[in-house]
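Working through the structure, step by step
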Amino acid sequence: MKLHAFAPVCIVLLMGVLVGCASMNTVPESTKNAVSSQEVTDALAQVRSSQSYVLQPGDLVDIRVYMEDNMNRVLRISGNGTITFPLVGNIKIAGLSLEQAEQDLAQHLTAYLRQPQVSMLVKEYGNKTVYVLGQVSKPGSIQIPPEKQLTVLEAITSVGGFTDIANTSKVRVLRVEDGKQKSMDVDVSQIMKQGNKSLDIALQPGDVVFVPQSLF
């Protein structure tokens, strides 16, 4: 079984919505749509099942080889996209998905081991990663472009936009600042319909954009 993981801050942020969001919101909770535990569970499941994340230089990866505990390593991907792994030496994994990287490393190890089984986890994201979850076409992680800002609307657009049942007026941005969780609502419908760009928040690394379902 392959093991995949996403940055721990993503899980911490999302679970925090269930236990303490109201005290930190800048808008009264009574004006918001509550994010249910099922929504959070579903969003996490979508992300965990996603194979779309591309490994980047600076990512910290936990690599395990089944029945070869002495080969298990936690390694940082170098600036040129490589790691140094026992037996195979330098191997480039940046630019590959987790599944592709597992398969590539396993292929290199076949010269030394019989039917090696490799699993890989991302323990820490080295680049500017944000997460777009909930009622969007392709929930997952994306990168903030170098030397540019990425806004809430741009992030949602980059994952295919809203689903038909998305509540576009109650998009929530979850962020940790100085060790404390912060939750902000963004009315994306106003940005799209009236061009009110002042509402379009610039995202920071580690932010979670959560799009809830409309309540009918």
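Use the structure listed above.
So, a few notes on the structure that sits alongside this text. (Residues numbered from 1 in each chain as written. Predicted model: local features only at pLDDT ≥ 70, side-chain atom pairs only at ≥ 80, totals over all residues. Heavy atoms only, no water.)

1. Structural notes on the sheet that holds strand E2 (residues 73-76)
Spatial ordering of the open sheet is given by E2-E1-E5, a layout of three strands whose pairing is antiparallel. The open sheet has two edge strands, E2 and strand E5 (118-124), and neither has a second partner. Going across the sheet, the axis of each strand differs from the next one's by a mean of 25°, ignoring polarity. Sheet analysis places strand E1 (residues 60-65) next to E5, joined by six bridges and oriented antiparallel. Counted as the bridge partner of leucine 60 is glutamate 124 from E5. Here helix H3 (residues 98-109) sits on the sheet in contact with E1 and E5, set at roughly 135° to E5. (Pairing = 2+ DSSP bridges. Helix = DSSP H or I, 4+ residues; strand = E, 2+ residues; numbered from the N terminus. Axes fitted to C-alpha atoms, helices over the stretch in contact; angles between N-to-C directions. Contact = heavy atoms within 4.5 Å.)

2. Details of the pattern of salt bridges
Pairing between side chains of opposite charge can happen when the charged atoms of each approach one another. For the coordinates displayed, the defined rule picks out three salt bridges. Between arginine 172 and aspartate 185 there is a salt bridge, and its shortest N-O distance comes to 3.2 Å. Taken together, the residues arginine 172 in strand E8 (residues 171-177) and aspartate 185 in strand E9 (residues 180-186) connect sequence positions 13 residues apart. (Salt bridge = Lys/Arg side-chain N within 4 Å of Asp/Glu carboxyl O.)

3. Points about the nonpolar core
Leu55, Ile63, Phe85, Ile93 and Leu109 are the most contacted members of the largest nonpolar core, which totals 29 residues. Of all the secondary-structure elements, those providing two or more residues to this core are E1, strand E3 (82-85), H3, E5, strand E6 (129-134) and strand E10 (208-211). In this view, isoleucine 63 contacts Asn72, Arg73, Leu75, Ile83, Phe85, Leu105, Val118, Ser119 and Met120; residues no more than four positions away in its chain are not counted. Counting 22 residues, the second largest nonpolar core, distinct from the first, contains Ile156, Val173, Met184 and Ile191. (Core = buried A, V, L, I, M, F, W, Y, C linked by side-chain atoms within 4.5 Å. Buried < 20%, exposed > 50% of the residue type's maximum accessible area, 1.4 Å probe, protein only.)

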